[in-house]
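Each chain, letter by letter, is given below.
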Amino acid sequence: MNAPIVVAGAAMAGLRAAEQLRAAGWTGPITLVGSEPHMPYNRPPLSKEVLAGKASFDSLAFRPRPDVHDVRWRLGTTVVRADLDRQVVELDDGETLPYRGLVVATGMRPRRLPCPGPVPGRHTVRTLDDARGLREALTRPGVRVVVVGAGFIGCEVAATAIALGAAEVTVVDPMPLPMAGPLGELLAGALLGRHEQRGIRFALGTGVTAFHGDDRVTGVALADGRVLAADVVVESVGSAANTEWFEGNGLDLSDGVLTDEHLRVGGRPEVIAVGDVARFPNARYDGVPRRVEHWSIPTDTAKHAAKVLTAHLTGTDAGLAPFAPLPTFWSDQHDFRLQSFGAPALGKDDVRVLDGDLDGDVLVGYHHADRLVGVVALGGRAAAAAAARYRAELLKQPSLIA
Amino acid sequence: MQVVVDMNKCQDHGQCVFAAPDVFRFDDEGRLAHVAAPDESLRAEVEEAADVCPLQAIRIED
Ligand SMILES: Cc1cc2nc3c(=O)[nH]c(=O)nc-3n(C[C@H](O)[C@H](O)[C@H](O)COP(=O)(O)OP(=O)(O)OC[C@H]3O[C@@H](n4cnc5c(N)ncnc54)[C@H](O)[C@@H]3O)c2cc1C
């Protein structure tokens, strides 16, 4: 059978999967199917340099490794169904594609608020086209911007908007602090102060109930009764996994695609999941399956899963220990960077400043049962370098379940 | 194998230093330094370094 490995989703994770399949020795055909019309491109600059006008849209494209020159690209095409028993996927142009191996790399889309009110004037930031539209809206003189959601994308967009000269930027979130989920209170408090010093306003501990305006947004109504005037609204309230096409196969799709410790799906050795959409156990920590929406994850998952799939298809043994990546994450906001290594969210009950102080460059350690499980730096280059020095120590720590 | 780094793009993430410590390092002033023509045996390491650069600033030329 000369059926290809089909990769559903042709963004970062899909590209890395194709490259890593070649690196693992798969010489057979590979077909990548992707909804977006663009070749795979880098998303982090969309809320930073691209939105700020410091990087061109063209500079975002990934440079594929030379050994994937022969893969088939089906861009602007969506996978609408998968039948894992028959080993076929169906495309929106009516074609049925048999596969020998299937890679799930369909990622996430932004969640939208279910509140009543007009839609024009409301933006999300996930794709190149989203960023283009938002940049145009933010560069109109005197705009008042409301960012809903104080997660990392919301904080980045707020910082970029104020730098672009927006008249007002307000961030709304039901939580009491920005990025409190991943960072914990100590560092989230420091982050709040830095944003406020640079002119960002916050409406915290309250949610959005409605959008005001007739044919476009003019204001945002909050649960505490206030109404914030707004010309531009950015919804950055989390994301939902693109798994509808994968339904009907009796799998757990409650939050992304559940995998085993080798990123295999539904007990089928010919189906793997990679990137943001994969919910995998991390043997480095507690073995609980989680999705990880960090830039490093498409590459890490692709590397492991491609070896596993290639070994299966070629009848060899991958001989790999369970997947155990060290999560790493960064975020650029104003003139500072957050740099994280490990899993700070697992050590938020025991947080200590390891270096520096909360008003300047600071390095914070997160512990679980007296063991260091994560570090986050906030500040300039020196802080990020200090965090990097702890990386080796985090890599040496034994598993929490060992 | 020639390794080219676009220093206008580099933002000191250091991911290349973790991926390929034999080829990339930070010098005493904290600036990225690299071996321009590393041994062919280091190719896999350098490819990984290019993959993990968030700015896509590393290029391999044969
Ligand atoms: C604005 C922004 C800023 C970010 N900044 C940072 C940062 O600073 N640091 C950091 O660590 N991480 C950051 N990230 C996260 C990082 O970019 C993601 O983790 C990464 O892009 C995930 O890649 P992916 O390929 O798994 O998923 P995605 O990028 O979501 O790609 C999935 C692709 O699949 C396609 N698709 C979906 N359904 C189908 C279907 N049925 N058929 C065919 N194709 C389909 C989609 O169109 C999409 O192209 C940022 C993300 C965003 C959006």
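Structure first, text after, so check above.
Calculation notes
- Residues numbered from 1 in each chain as written.
- Chains lettered and ligands numbered in written order.
- Predicted model: local features only at pLDDT ≥ 70, side-chain atom pairs only at ≥ 80, totals over all residues.
- Heavy atoms only, no water.
- Helix = DSSP H or I, 4+ residues; strand = E, 2+ residues; numbered from the N terminus.
- Rg over C-alpha atoms; globule rule 2.2 N^0.38 Å.
- Buried < 20%, exposed > 50% of the residue type's maximum accessible area, 1.4 Å probe, protein only.
- Contact = heavy atoms within 4.5 Å.
- Lys, Arg positive; Asp, Glu negative; His and termini not counted.
- Charge placed at Lys NZ, Arg CZ, Asp CG, Glu CD.
- Core = buried A, V, L, I, M, F, W, Y, C linked by side-chain atoms within 4.5 Å.
- Near = heavy atom within 4 Å.
- Polar contact = N/O pair within 3.5 Å; in protein donor to acceptor, adjacent residues only side chain to side chain.
- Areas by Shrake-Rupley, 256 points an atom, 1.4 Å probe, with all protein chains shown as cover.
- Expected span 1.5 Å × (residues − 1).
- Salt bridge = Lys/Arg side-chain N within 4 Å of Asp/Glu carboxyl O.
- Buried area = accessible area lost by both parts, 1.4 Å probe.
- Nonpolar A, V, L, I, M, F, W, Y, C, P; charged D, E, K, R; others polar.
- Pairing = 2+ DSSP bridges.
- Axes fitted to C-alpha atoms, helices over the stretch in contact; angles between N-to-C directions.

(A) Fine view of the overall build of chain A. Counting its secondary structure elements, chain A contains eight helices and 27 strands. Compactness check: chain A gives a C-alpha radius of gyration of 22 Å against a globular reference of 21 Å for 402 residues, within 12% of the reference. Classification of the 402 residues of chain A by burial places 53% in the buried group. When contacts within chain A are restricted to residue pairs at least 6 apart in sequence, long-range pairs at least 24 apart make up 63% of them. Taken together, the 42 basic and 47 acidic charged side chains of chain A have centroids lying 3 Å from each other.

(B) A look at the nonpolar core. Residue and element names in this part refer to chain A. Of all hydrophobic cores here, the largest spans 49 residues; its most connected members are Val-89 and Phe-246. At six residues, the largest contribution of residues to this core is made by helix H7 (residues 296–313). Grouped together as the second largest cluster of nonpolar side chains are 29 residues, Val-50, Leu-51, Ala-150 and Ala-166 included.

(C) Up close: the site of the ligand. All names here are of chain A. Close to the ligand lie 34 residues; Glu-36, Arg-43, Lys-48, Arg-126 and Asp-276 are nearest. Within the backbone of Thr-106, an N or O atom sits 3.5 Å from an oxygen atom of the ligand. Protein chains bury 95% of the 1,000 Å² of accessible surface belonging to the ligand in isolation. Only helix H1 (12–23), strand E2 (30–34), helix H4 (152–163) and strand E23 (328–333) provide two or more residues apiece to the shell around the ligand. With three residues, the single largest contributor to the shell around the ligand is H4.

(D) Region of the structure containing helix H6 (residues 185–197) of chain A. All names here are of chain A. Between the first and last C-alpha of H6 there are 18 Å, a value that for 13 residues agrees with the 18 Å anticipated at 1.5 Å per step. Taken as a whole, H6 has its buried residues at Leu-187, Ala-188, Ala-190, Leu-191, Leu-192, Arg-194 and His-195. Positive backbone phi, at 95 degrees, marks Gly-199, one or two positions downstream of H6.

(E) Molecular detail of the pattern of salt bridges. Under the defined criterion, the tally for this structure stands at 33 salt bridges over all chains. A salt bridge links Glu-47 of chain B to Arg-65 of chain A, with the shortest nitrogen-to-oxygen separation between them at 3.3 Å. Note that Glu-47 of chain B is positioned in helix H2 (residues 43–52) and Arg-65 of chain A in the loop between helix H2 (49–52) and strand E3 (72–75), a pairing that runs across two chains. The salt bridge partner of Arg-43 of chain B is Glu-40 of chain B, with a shortest N-O separation of 2.5 Å. Linked through salt bridges whose partners overlap, the residues forming this network are Arg-16, Glu-19 and Arg-65 of chain A together with Glu-47 and Asp-51 of chain B.

(F) Region of interest: the interface of chain A and chain B. In this complex, chain A contributes 20 residues to the contact, which on the side of chain B involves 18 residues. A buried area of about 1,700 Å², summed over both sides, lies between chain A and chain B, and 41% of it is on carbon and sulfur atoms. Between Arg-16 of chain A and Asp-51 of chain B there is a salt bridge, and its shortest N-O distance comes to 3.7 Å. Taken together, the connections running from chain A to chain B amount to 13 residue pairs in polar contact (both at pLDDT 80 or more). Sorting the residues of the side of chain A that touches chain B by element identifies H1, H7, E23, strand E24 (336–342) and helix H8 (381–396) of chain A as the ones contributing at least two each. Each residue belonging to the side of chain A that touches chain B can be placed in one class, and the counts come to five nonpolar, five polar and 10 charged.

(G) Quick peek at the pairing of E24 of chain A. Residue and element names in this part refer to chain A. Counting buried residues along E24, seven of its seven residues qualify, which places the element largely inside the surrounding structure. Note that E23 and E24 share six bridges and pair antiparallel. In the sheet register, Gln-333 faces E24, and the bridge partner there is Phe-336. What sits between E23 and E24 in their antiparallel hairpin is a turn of two residues, with His-334 showing a positive phi close to 55 degrees. In this structure, E24 lies alongside strand E27 (residues 371–379), joined through six bridges in antiparallel fashion. Residue Gly-342 lies in a different strand from E27, and its bridge partner there is Gly-374.

(H) Spatial organisation of the pairing of strand E5 (residues 88–91) of chain A. All names here are of chain A. Summarising the sheet, strand E4 (residues 79–83) and E5 pair through four bridges and their orientation is antiparallel. Paired with Val-79 across the bridge in E5 is Leu-91. What sits between the antiparallel neighbours E4 and E5 is a turn of four residues, in which Gln-87 has the positive phi angle 55 degrees. Taken together, the three bridges between E5 and strand E6 (residues 96–98) define a ladder with antiparallel strand orientation. When the sheet's bridge partners are listed, Val-89 is paired in E6 with Leu-97.

(I) Quick look at the sheet that holds strand E22 (residues 290–291) of chain A. Residue and element names in this part refer to chain A. The sheet built from three strands is open, its strands ordered E18-E21-E22 with mixed pairing. Edge positions in the open sheet fall to strand E18 (257–258) and E22, since each of these has one partner strand only. Alignment of strand E21 (residues 278–280) against E22, held across two bridges, turns out to be antiparallel. Counted as the bridge partner of Phe-280 is Arg-290 from E22.

(J) The arrangement of the sheet that holds E6 of chain A in detail. Residue and element names in this part refer to chain A. As summarised here, the arrangement of the three strands in space is E4-E5-E6, forming an open sheet in which the pairing is antiparallel. A strand with exactly one partner marks an edge of an open sheet, and here the two such strands are E4 and E6. Going across the sheet, the axis of each strand differs from the next one's by a mean of 25 degrees, ignoring polarity.

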